[in-house]
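Structural characterization, general
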Amino acid sequence: MTQAQAVTPSATRRSAGIIADGVFKVLLGAAYLIGASRLGDLLGVSAWLMGVSGVALLIGGGIEITLVHSRPLRAYVWLMVGYDTGWVLTALAGLLMTWRDGSAGGEVWIGYQTAAPLVFAALLSAATPVPSASDARAEDSER
């Protein structure tokens, strides 16, 4: 059995976490699309930006789920840490702007949620694919 074929419980848990993260993005995107007008009013953001953000989250989450078994877990972990760190920092920046009577706090936060999933998906798509089990067997037989 090659290293690529071995599936550890840790790897299985990570894959489940990646799928859960992608599902969360898809559900959040659907909520943004369904409630674009109402959520936009609450956040001080136009409904069209909420809709665009919803579409971006659907795309990003869908790609994240689709590529879970064909991209290295390490790439996922690094990208997820970066994405979530940016999400928290942007949320804090948006809150600070709002507390200081600024009107752009919601736009900053939703703007991040529009751009970040697409950047995440692009970087993940560009990551070197993990060889499939059939590729590993073919490589072993060539040796």
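Since the structure is predicted, the reported quantities are computational estimates derived from the model, not experimental observations.

Basis of the calculations
- Residues numbered from 1 in each chain as written.
- Predicted model: local features only at pLDDT ≥ 70, side-chain atom pairs only at ≥ 80, totals over all residues.
- Heavy atoms only, no water.
- Helix = DSSP H or I, 4+ residues; strand = E, 2+ residues; numbered from the N terminus.
- Buried < 20%, exposed > 50% of the residue type's maximum accessible area, 1.4 Å probe, protein only.
- Contact = heavy atoms within 4.5 Å.
- Areas by Shrake-Rupley, 256 points an atom, 1.4 Å probe, with all protein chains shown as cover.
- pLDDT = per-residue confidence, 0-100.
- Salt bridge = Lys/Arg side-chain N within 4 Å of Asp/Glu carboxyl O.
- Phe/Tyr/Trp six-rings, centres within 6.5 Å; stacked < 30°, edge-to-face > 60°.
- Lys NZ or Arg CZ within 6 Å of the ring centre and 35° of its normal.
- Expected span 1.5 Å × (residues − 1).

1. Concerning the overall build of the protein
A count of helical and extended segments in the protein gives six helices and zero strands. Shown N-terminal to C-terminal, the secondary structure of the protein runs as helices and strands in the order α-α-α-α-α-α. A buried classification covers 34% of the 143 residues belonging to the protein. Relative to all contacts within the protein whose residues are 6 or more apart in sequence, the contacts with residues 24 or more apart total 77%. Working note: accessible area of the protein is about 8600 Å², and carbon and sulfur atoms make up 68% of it.

2. Digging into the confidence of the model for the protein
Per-residue confidence for the protein gives a mean pLDDT of 87, with 87% of residues at or over 70. By mean pLDDT, the top-scoring element of the protein is helix α3 (residues 47-66) (96), and the lowest-scoring one is helix α6 (residues 133-142) (51). Considering only residues more than four positions removed or in separate chains, one finds that residues 136-140, a stretch of pLDDT under 50, has three contacts.

3. Details of the pattern of salt bridges
Pairs may arise between side chains of opposite charge once their charged atoms sit close together. On inspection of all chains with the given rule, the structure shows two salt bridges. Across the salt bridge formed by Asp21 and Lys25, the nearest N and O atoms sit 2.7 Å from each other. One end of the pair, Asp21, and the other, Lys25, are both in helix α1 (residues 9-34), four residues apart, so they sit about a helical turn from each other. When its relative accessible area of 3% is taken as the criterion, Lys25 is described as buried. With a shortest N-O distance of 2.7 Å, Glu64 and Lys25 are connected by a salt bridge. With Glu64 in helix α3 and Lys25 in helix α1, this pair connects stretches of sequence that are 39 residues apart. Judged on exposure class, the residue Glu64 and its partner Lys25 are both buried. Among the ionic contacts, a cluster of salt bridges with common partners joins Asp21, Lys25 and Glu64.

4. Some details on the packing of aromatic side chains
Within the structure shown, the criterion is met by three aromatic pairs. Note on Tyr83 and Phe120: the rings are 5.8 Å apart at their centroids and 75° apart in plane angle, and the pair reads as edge-to-face. With a gap of 37 residues between them, Tyr83 in helix α4 (residues 73-99) and Phe120 in helix α5 (residues 105-126) connect regions that are remote in the sequence. Judged by its relative accessible area of 8%, Tyr83 falls in the buried class. Taking relative accessible area as the criterion, Phe120 reaches 3% and is therefore assigned buried. By way of ring pairs, the aromatic residues Tyr83, Tyr112 and Phe120 are connected into one cluster. Directly above the ring of Tyr83 sits Lys25, whose terminal nitrogen or CZ lies 4.2 Å from the centroid. The lysine or arginine in question, Lys25, covers the ring of Phe120, its NZ or CZ lying 4.3 Å from the ring centre.

5. Some remarks on α4
With 27 residues, α4 should reach 39 Å at 1.5 Å per residue; the first-to-last C-alpha distance of 38 Å fits that figure. Of all the positions in α4, only Ala75, Tyr76, Leu79, Met80, Tyr83, Gly86, Thr90, Ala91 and Gly94 are classed as buried. If you follow the buried residues of α4, they end up packed against α1, α3 and α5. Taken from the residues just after α4, Asp101 is the one with a positive phi, measuring 60°.

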